Amino acid sequence: MKRPGSAIVMTLYLLFLMVPVYWLVNMSLKTNAEITRTFTLWPQDLTFQNYVTILTDPSWYMGYVNSLTYVAMNTVISITVALPAAYAFSRYRFLGDKHLFFWLLTNRMAPPAVFALPFFQLYSSVGLFDTHIAVALAHCLFNVPLAVWILEGFMRGVPREIDETAYIDGYSFPRFFVRIFMPLIASGVGVAAFFCFMFSWVELLLSRTLTSVNAKPIAATMTRTVSASGLDWGVLAAAGVLTLIPGGLVIWFVRNYIAKGFALGRV
Amino acid sequence: MDKSQNNRAWFLVLPVLVLVAFSAVIPLMTVVNYSVQDTFGNNAFFWAGLEWFEEIITSERIHAALGRQVLFTAIILAIQVPLGIFVALHMPKKGFWASLCLILMAMPLLIPFNVVGTIWQIFGRVDIGLLGRVLTALGFDYNYTSDWLDAWATVIVMDVWHWTSLVALLCYAGLQSIPEAYYQAAKIDQASRWAVFRHIELPKMRGVLLIAVLLRFMDSFMIYTEPFVVTGGGPGNATTFLSIDLVKMAIGQFDLGPAAAFSIIYFLVILLISWVFYTVMTNLDRETK
Amino acid sequence: MAEITLSKLAHSYFAKPRGEADFALKEMDHVWQDGGAYALLGASGCGKTTLLNIISGLVTPSQGRVLFGGRDVTRAPTAERNIAQVFQFPVVYDTMTVRENLAFPLKNRGRDAAYVARRVDQIAKMIGMESALDRRAQGLTADAKQKISLGRGMVREDVNAILFDEPLTVIDPHMKWELRTQLKQLHREFGHTMIYVTHDQTEALTFADKVVVMHEGRVVQTGTPEELFETPEHTFVGYFIGSPGMNLFDAEVQGETARVNGIDVPLGAAYPALRGRVQIGIRPEFVSLAAEGLPVTVTRVEDVGRHRILRAEAFGRPVNLLLPEGEAAATGQTRLRLAPEKINVYADDWRVKPLGQQRGA
């Protein structure tokens with residue numbers, strides 16, 4: 001029922017988005033010989049060898065485990081500390097609240113490049129270098145402010161009367177918060193978790209700086225392999241394809257909330 | 001909403017405060033510390049005053065990087081914001097196609113930055129990349145590793161590919177909140193397509209658009225990984241943006257003092273511009289109440 | 001201005017409707033006379049808004065035709081139909097001032113500035129917003145915004161019809177009455193065809209010359225307020241209009257007598273033999289306490305100000321009647337008399353005309 005123009009615009013835009021991804025997938029299913037010697041639009045000599053290489057070599061697949069570990073840790077930490085803070089900002093006025101809120105947001109604006117070296121020194125000096133928790137904490141720098149901001153937006157939408165009624169009914173604060181308030185902002189928590197996952201998963205500069213072996217993220221494993229062998233395009237492409245999967249899964253789970261979620265509860 | 005005064009709310013904010021202090025304040029103090037000292041190795045530091053700041057502010061290398069950075073961010077915003085709005089206006093409103101568009105559009109946003117770089121590195125190569133091959137076949141002398149214009153074009157197209165969907169999704173969320181009656185009323189009033197956009201759609205998108213511009217400004221101003229993977233800052237210094245330069249200085253050359261001074265100035269510039277955005281945003285918020 | 005004819009019109013929101021239940025609007029023929037003040041009355045979800053949107057062209061009907069003065073406009077876009085419509089919730093252009101909002105429909109049609117200014121002033125006066133003309137529409141209250149919406153609906157003088165979709169929902173009661181009076185006055189002055197959708201019978205009966213009652217996607221009756229009151233064509237009309245609604249009893253009808261649970265009730269006229277579910281209906285206004293008639297048990301008496309309502313039960317079903325002033329309320333067991341000439345007879349919910357009578361629709 002809409003104009004055909006819209007369909008054309010969207011088709012072109014989605015093609016623009018998908019063609020480079022297709023090329024990556026295409027390459028991951030080819031042998032290196034086919035990649036470098038011929039130019040083919042789809043694999044002539046279909047192979048899964050590149051994926052086998054990654055999934056059987058711990059130095060490759062542990063990269064995924066490491067990445068997912070610190071991303072999960074970061075998401076849990078960020079949401080846990082952001083919830084009470086967001087509640088405070090959405091419900092109370094207190095000394096310095098506005099300055100504090102803005103100061104929190106400024107951390108989202110800090111270039112990771114600025115923090116790379118000091119983080120390296122800080123975490124080395126407290127013996128956390130090359131651990132998952134180090135990366136998880138470092139990513140809190142930009143994820144906690146974001147989580148506070150998103151959750152505050154959603155909490156502002158819950159009428160105060162709900163809090164007051166619960167207190168009159170004799171709920172204690174922690175019980176009220178967990179039993180009544182949390183379910184009301186469940187979608188907000190989901191959105192905040194989505195963004196924490198997203199920004200922690202895609203970040204490389206800090207996670208690479210803070211790790212060497214034990215907690216090395218997959219993304220960093222990829223860069224090293226490129227510089228070392230330089231030519232193993234098939235494996236590189238396969239590794240790239242595998243990094244798309246966690247993101248794809250997350251999107252699938254939140255597909256119905258994407259539109260609302262991206263507005264950060266502020267529409 | 002009327003908030004009540006309660007200073008005990010500080011207790012609720014305390015965990016965030018401790019965490020952010022640990023991961024932001026301590027490192028920042030280290031940076032400040034370095035920025036005013038000089039070292040000849042062996043962990044021996046000397047007071048250097050504002051020498052490094054002076055050096056950075058007058059450095060032509062930094063000026064050039066800043067110039068490239070501002071140009072890059074300006075181009076990015078000039079393309080992504082209108083394009084994002086345009087795409088959002090053409091997205092299906094509901095049903096299967098809407099879900100499909102949302103999922104495919106969100107894809108690039110969840111790809112690790114260096115993989116984004118890798119995708120475009122592969123895609124653009126003249127020997128094995130589709131884009132490189134096609135452009136060469138069409139008679140263009142395209143090579144992003146040797147020609148600065150090609151390098152710029154590649155990095156910009158890559159960023160448009162990577163982030164336009166964020167703007168589009170934000171705008172789409174804004175558009176979704178417009179009740180059908182507004183469009184119906186506009187039809188009754190015989191409003192033109194432009195009037196519908198100007199008086200119904202744009203006002204509803206204003207809030208999310210500001211978030212989009214703010215995020216896109218900050219992130220493009222801090223961009224590091226994607227161009228680094230594709231071009232390594234080259235050819236020459238053509239795509240060496242501020243973050244790339246900073247990392248080169250701090251980790252490549254280990255010039256801690258100048259790098260620290262650079263960091264502080266860099267941070268302050270972002271802070272200043274973001275503060276302007278923030279003020280505009282909260283003022284607009286108040287106006288709509 | 002033109003007469004609006006709906007011919008074999010029906011609409012379903014499904015692409016491939018299966019059976020009658022999928023139709024939001026069942027097949028209908030209807031003529032809206034030029035210059036009439038109509039109310040479209042019915043419960044929520046009965047298809048009123050769908051019908052309105054088909055007339056204004058916001059919805060294209062699945063089947064049938066819409067004619068404006070003989071011209072087929074079924075597929076014509078809204079702009080060509082020259083219709084004004086006011087929606088349930090306020091629609092104002094936030095970026096514009098009140099004045100610009102009111103002028104918008106005229107400007108879009110390229111009217112000259114002097115005319116626009118004059119017309120906007122008239123409308124502003126009518127909705128009582130002269131002093132707010134240069135304010136931005138954004139910060140105004142909901143009812144001020146709705147007044148602007150109403151104003152935008154009325155600002156064009158040459159429209160074929162003005163459609164109102166429950167326009168006074170968000171307006172406070174005092175203002176409601178005043179605005180409705182003004183709409184009525186406007187109608188008398190300019191003679192536009194007006195269709196006013198509402199689920200509130202008071203609104204419908206005070207605004208309209210003709211009330212169109214809809215029920216489950218069907219027009220069940222069109223008539224003056226008196227007709228709807230005296231001879232409801234469908235049990236829904238009897239139930240929906242009047243407070244309380246019409247009393248209904250299952251009955252067997254033979255000639256001039258109805259038999260309700262073994263008790264004979266005289267009718268005002270003779271009826272043919274009937275099939276299906278047969279009921280007799282009578283308004284509470286025409287029921288009175290009597291020494292003989294239908295035996296009932298009084299459950300309670302309500303004082304609603306102007307009169308009292310006696311609520312009772314007959315054979316397990318509720319019965320209401322209005323007590324005239326001064327009459328003592330009965331308690332316990334009593335009997336009711338139904339005024340014979342005020343009784344209507346229904347077969348499968350539709351009114352049956354008495355033998356030898358041609359009146360009614």
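Residues numbered from 1 in each chain as written. Chains lettered and ligands numbered in written order. Predicted model: local features only at pLDDT ≥ 70, side-chain atom pairs only at ≥ 80, totals over all residues.

Put simply, the rule is: UniProt positions are given in the numbering used here, feature names are shortened, and annotations may be inferred rather than shown by experiment.
Per an unreviewed UniProt entry, chain B is named Carbohydrate ABC transporter membrane protein 1 (CUT1 family), and its organism is Cereibacter ovatus. Its UniProt record gives chain B a comment under Subcellular location (unreviewed entry), which states: "Cell membrane". The Sequence similarities (unreviewed entry) field of the UniProt record for chain B holds the comment "Belongs to the binding-protein-dependent transport system permease family."

If you look chain A up in an unreviewed UniProt entry, it shows as Carbohydrate ABC transporter membrane protein 2 (CUT1 family) from Cereibacter ovatus. Its UniProt record, at the heading Sequence similarities (unreviewed entry), says of chain A: "Belongs to the binding-protein-dependent transport system permease family." UniProt annotates chain A under Subcellular location (unreviewed entry) with the comment "Cell membrane".

**Overview of the interface of chain B and chain A**
For the record, the criterion: Distance between backbone-placed C-beta atoms decides contact: two residues are in contact if it is within 7 Å. Only DSSP runs of H or I covering at least 4 residues are called helices, and only runs of E covering at least 2 are called strands; the numbering of each starts at the N terminus. Here, a strand pair is defined by DSSP locating no fewer than two bridges between the strands.
Counting from both sides, the interface comprises 74 residues of chain B and, opposite them, 83 residues of chain A. The biggest single contributor to the side of chain B that touches chain A is helix α1 (residues 9-35) of chain B, with 14 residues. When strand β1 (residues 92-93) of chain A meets strand β1 (residues 4-5) of chain B, the two strands line up parallel, connected through two bridges. By the bridge assignment for β1(B), A:R93 is matched with B:Q5.

**Concerning the interface of chain C and chain B**
Facing the 20 residues of chain C at the interface are 13 residues of chain B. Elements with a minimum of two residues in the side of chain C that touches chain B: α2 (78-81), β6 (83-86) and α3 (98-108) of chain C.

**Re the packing of helix α1 (residues 4-28) of chain A against helix α4 (residues 96-106) of chain B**
Let me state the cut-off plainly: Fitting a line to C-alpha atoms yields each axis, with helices limited to the stretch in contact; the angle taken between N-to-C directions then spans 0 to 180 degrees. Should the near helix be turned counterclockwise from the far one by less than a right angle, the crossing is left-handed, whereas a clockwise turn marks it as right-handed. Throughout, the ten residues Ala, Val, Leu, Ile, Met, Phe, Trp, Tyr, Cys and Pro are labelled nonpolar, Asp, Glu, Lys and Arg are labelled charged, and all others, Gly among them, are labelled polar.
For the pair α1(A) and α4(B), the least separation of the axes is 10 Å and the interaxial angle reads 35°. For α1(A) against α4(B), the interelement crossing comes out left-handed. Across from A:M10, A:L14, A:L17 and A:M18 in α1(A), the residues of α4(B) making contact are B:C101, B:L104 and B:M105. Class assignment for the residues of the contact of α1(A) with α4(B) results in seven nonpolar, no polar and no charged.

**Things to note about the domain arrangement of chain A**
All names here are of chain A. Selection rule: Each domain's extent was defined by an automatic or database domain assignment.
Structurally, chain A comprises domain 1 (1-47) and domain 2 (57-262). Relative to domain 2, the C-alpha centre of domain 1 lies at a distance of 31 Å. Listed by contribution, the elements that provide at least two residues to the side of domain 1 that touches domain 2 are α1 and α2 (32-37). Broken down by element, the side of domain 1 that touches domain 2 gets its largest block of residues, four residues, from α1.

**Notes on the arrangement of the chains**
The chain pair with the greatest number of contacts, out of two pairs of chains in contact, is formed by chains A and B. Nothing in chain A touches chain C; the tightest C-alpha to C-alpha distance between them is still 11 Å.

**Describing the confidence of the model for chain B**
Residue and element names in this part refer to chain B. The condition is simple: Values of pLDDT, the confidence the predictor places in each residue, fall between 0 and 100.
Averaged over every residue, the pLDDT of chain B is 84; residues scoring 70 or more account for 93%. The least confident element of chain B is strand β3 (residues 45-47), whose mean pLDDT is 67; the most confident is helix α3 (residues 60-90), at 92. Two numbers describe this predicted complex: its pTM, 0.81, and its ipTM, 0.84.

**Looking at the UniProt feature "domain: ABC transmembrane type-1" (unreviewed entry) in chain B**
This chain's UniProt record puts "domain: ABC transmembrane type-1" (unreviewed entry) on residues 66-277 of chain B. Taken end to end, residues 66-277 of chain B comprises 77% helix and 0% strand; its first and last C-alpha atoms sit 20 Å apart.

**A look at the packing of helix α13 (residues 233-253) of chain A against helix α5 (residues 113-124) of chain B**
This is how the line gets drawn: Throughout this description, any angle smaller than 35 degrees is read as roughly parallel, any larger than 145 degrees as roughly antiparallel, any in the 65 to 115 degree range as roughly perpendicular, and the remainder as oblique.
For the pair α13(A) and α5(B), the least separation of the axes is 10 Å and the interaxial angle reads 135°. Taken together, the axes of α13(A) and α5(B) lie oblique to each other. For α13(A) against α5(B), the interelement crossing comes out left-handed. Here A:W233, A:L236, A:A237, A:G240 and A:T243 of α13(A) come into contact with α5(B), specifically with B:V115, B:T118, B:I119 and B:I122.

**Some thoughts on the UniProt feature "transmembrane region" (unreviewed entry) in chain A**
Residue and element names in this part refer to chain A. The UniProt record marks residues 7-25, 68-89, 101-120, 132-155, 176-202 and 233-254 with the feature "transmembrane region" (unreviewed entry), using the residue numbering of this structure. Segment residues 7-25 splits into 100% helix and 0% strand. End C-alpha atoms: 26 Å apart. With 96% helix and 0% strand, residues 176-202 has end C-alpha atoms that lie 35 Å from one another.

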